[in-house]
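Each chain, letter by letter, is given below.
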Amino acid sequence: MIDFALDEPLVDLRDRVRTFVREVAIPAEARDLPGHGLDEALRRELQASAKGAGLFVPQLSEALGGLGLDMRGTAVVLEESGYSLLGPQAMHCAAPDEGNMHLLDKVADAGQRARYLEPLAAGDIRSCFAMTEPAPGAGSDPSMLETSAERVDGGWSISGRKWFITGAEGAAFTICMARTSGELAGGRGATMFLVDADNPGMRIERIVDAADRSFPGGHAEVVFEDCRVAEDAVLGEVDQGFGYAQVRLAPARLTHCMRWLGIARRAHDVALDRAAGRELFGQRLADLGMVQRLIAESETDIATSRLLVWHAAWVLDQGAPGRGETSLAKAHVAEAVYRVVDRSIQICGALGVSGDAPLSRYLNEVRPFRIYDGPTEVHQWALARRAVRRRQREAESGA
Ligand SMILES: Cc1cc2nc3c(=O)[nH]c(=O)nc-3n(C[C@H](O)[C@H](O)[C@H](O)COP(=O)(O)OP(=O)(O)OC[C@H]3O[C@@H](n4cnc5c(N)ncnc54)[C@H](O)[C@@H]3O)c2cc1C
């Protein structure tokens, strides 16, 4: 049974996060200066405040310093944190660290937990995840992976080029996906490697000039050239990297939805305030039918997004992989969040695209979400194929 009622401790926690975002994260926004990525000193200051408020890494287990929330609780808390772009950074529940901590928690051995996961969970270091490559390498189609790792004396040698690696600049380590078998078949043939930032075989070639700028370190192009790592750098088992990518991706795409839903709500609130305060043609903007339609459509987008996120979270909490549900949620929420921000701009008129309102910044931040963690079309493609297969099975069984 799905129960949407939030219990009292969760309501209390949500309200504490709301207060934290209002009193700490939002006032700090004025200090989030232009440039790629959040200033490291500000990030550390905000994280210290979140620790003081007992709101640090809420998504992690208590053993790792978190609050031990399930995915449904995480959905409520991360949406609230996302009401400010600085909320998830402060609470250390932002991408890519949040997904990497989840992956390491599931797959890392004892030595890797102590060396990478524990300092990451404590906020002492940052991390990144290196999968995507410039064309003709892996993007939407992971089977085009070109980066490869060869066995050498005492370990592995990795060679290849990655790009759009969020947070690589300043990260203490990279989780790098490389081809380890000649053929990538049946989800096998690729391996994840933990590469330390000071490895001489890995270098950051440039920070890509991307539309968004809220991720510390921005998005880097990273080159691996005979990058030597020891055997203990293998995360999990050799050739099982794609399986582990799924362990990371399904929850990670959902947590993105949770956080961006927060910014959609913020944008919508800006538009609602403007619609209630601005007079045009002898009435409030909020009383004009076509503006009401925009408002109603955004209300619908926010409500449907939350329901899909909560449903997918519930599925994950049942122990199911939730690939279909998280994929459906991602395809819907990425588009819905973008529509909400765009409508909010429209309602605000010129103010909406000006630097006097935060909306055009939000539009730049949410636009790439329609591309990363699977472009919308890839999820829709998977949804359509699943639907046709389901119908064929029903037809064959006479349903
Ligand atoms: C801001 C940002 C941060 C990122 N951070 C990271 C990171 O930290 N680590 C990392 O490894 N990667 C990261 N990425 C990369 C991201 O995962 C890829 O951009 C994504 O997988 C798409 O790959 P691609 O850009 O090569 O597009 P392509 O694979 O070239 O696809 C281009 C377009 O083709 C269309 N398309 C693709 N497949 C289909 C299909 N089956 N049916 C119909 N249309 C289709 C879609 O419209 C898609 O947008 C990031 C990207 C962005 C924008």
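Please refer to the structure higher up on the page.
Note that the structure is a prediction, hence the values are computed from the model and not measured.

Novice: Where do I start with empty space enclosed by the protein in this structure?
Specialist: As enumerated under the stated definition, the model contains two cavities of 30 Å³ or more in all. There is about 140 Å³ of room inside the largest cavity. L85, P88, S214, R259 and W260 are, among the 13 residues lining the largest cavity, the residues nearest its centre. Among the secondary structure elements, those contributing two or more residues to the lining of the largest cavity are α4 (87-91) and α7 (241-277). In terms of residue count, the dominant contributor to the lining of the largest cavity is α7 (four residues). Here the second largest cavity defines a volume of roughly 80 Å³.

Novice: Can you walk me through the pattern of salt bridges in this structure?
Specialist: Opposite charge on two side chains allows them to pair when their charged atoms are near. Counted by the stated rule, this structure contains 33 salt bridges. The salt bridge partner of R306 is E79, with a shortest N-O separation of 2.7 Å. On the criterion of sequence distance, the pair formed by R306 in helix α8 (residues 289-317) and E79 in helix α3 (residues 71-81) is long-range, its members being 227 residues apart. Of the residues examined, E79 reaches a relative accessible area of 5% and is grouped as buried. Residue R284 pairs with D287 through a salt bridge whose shortest N-O separation is 3.1 Å. Three or more residues joined by partner-sharing salt bridges are found here, namely R161, R203, E205, R206, E221 and E225.

Novice: I tried to follow the side chain of Q59 on my own but got confused; where do I start?
Specialist: Structurally, Q59 is set in the loop between α2 (40-52) and α3. Each residue touching Q59, except ones within four places of it in the same chain, is listed here: L69, T74, H92, C93, E98 and M101.

Novice: In this structure, what is going on with a positive patch on the surface? I would like to understand it.
Specialist: A contiguous patch of positive charge on the surface is contributed by R323, R385, R386, R389 and R393. The element that contributes the greatest number of residues to the positive patch is helix α12 (residues 376-396), accounting for four residues. Within the fold, R393 resides in helix α12.

Novice: Would you explain the pairing of strand β4 (residues 173-179) in this entry?
Specialist: If a strand is regular, its side chains alternate between the two faces of the sheet. Extensive coverage of β4 is indicated by the burial of seven of its seven residues. The alternating pattern of β4 places F173, I175, M177 and R179 on one face and T174, C176 and A178 on the opposite face, and all of these are buried. By the bridge criterion, seven bridges tie β4 to strand β5 (residues 190-196) in an arrangement that is antiparallel. For I175, the partnering residue across the bridge sits in β5 and is L194.

Novice: What is the right way to read the site of the ligand from this model?
Specialist: As a structural note, the neighbourhood of the ligand is formed by 18 residues, with F129, T132, S140, F164 and T166 the closest of them. One nitrogen or oxygen atom from the main chain of M131 is found 2.8 Å from an oxygen atom belonging to the ligand. One of the side-chain nitrogen or oxygen atoms of T132 is found 2.6 Å away from a nitrogen atom of the ligand. About the coverage of the ligand: the protein hides 66% of its 970 Å² of free accessible area. When atoms are counted within 2 Å of each cavity's grid points, the one that captures over half of the ligand is the largest pocket. Of the residues in the shell around the ligand, the class split is eleven nonpolar, five polar and two charged.

Novice: What am I meant to see in the environment of F4 here?
Specialist: Tracing the chain through its elements places F4 in the segment before α1 (8-28). For the pair F4 and H311, spaced 307 residues apart in sequence, the C-alpha separation works out to 9.1 Å. If sequence neighbours within four positions are ignored, F4 has contacts with L307 and W310.

Criteria and cut-off values
- Residues numbered from 1 in each chain as written.
- Predicted model: local features only at pLDDT ≥ 70, side-chain atom pairs only at ≥ 80, totals over all residues.
- Heavy atoms only, no water.
- 1 Å grid on protein atoms, 1.4 Å probe; cavity = no way out; pocket = protein on both sides within 12 Å on 5 of 7 lines; lining within 4 Å.
- Points joined across faces, edges and corners; volume = space filled by probe spheres on them.
- Helix = DSSP H or I, 4+ residues; strand = E, 2+ residues; numbered from the N terminus.
- Salt bridge = Lys/Arg side-chain N within 4 Å of Asp/Glu carboxyl O.
- Buried < 20%, exposed > 50% of the residue type's maximum accessible area, 1.4 Å probe, protein only.
- Contact = heavy atoms within 4.5 Å.
- Patch = residues over 30% accessible without salt bridge, like charges linked within 9 Å, V, L, I, M, F, W, Y side chains within 5 Å.
- Areas by Shrake-Rupley, 256 points an atom, 1.4 Å probe, with all protein chains shown as cover.
- Lys, Arg positive; Asp, Glu negative; His and termini not counted.
- Charge placed at Lys NZ, Arg CZ, Asp CG, Glu CD.
- Pairing = 2+ DSSP bridges.
- Near = heavy atom within 4 Å.
- Polar contact = N/O pair within 3.5 Å; in protein donor to acceptor, adjacent residues only side chain to side chain.
- Sits in = over half its atoms within 2 Å of the grid points.
- Nonpolar A, V, L, I, M, F, W, Y, C, P; charged D, E, K, R; others polar.

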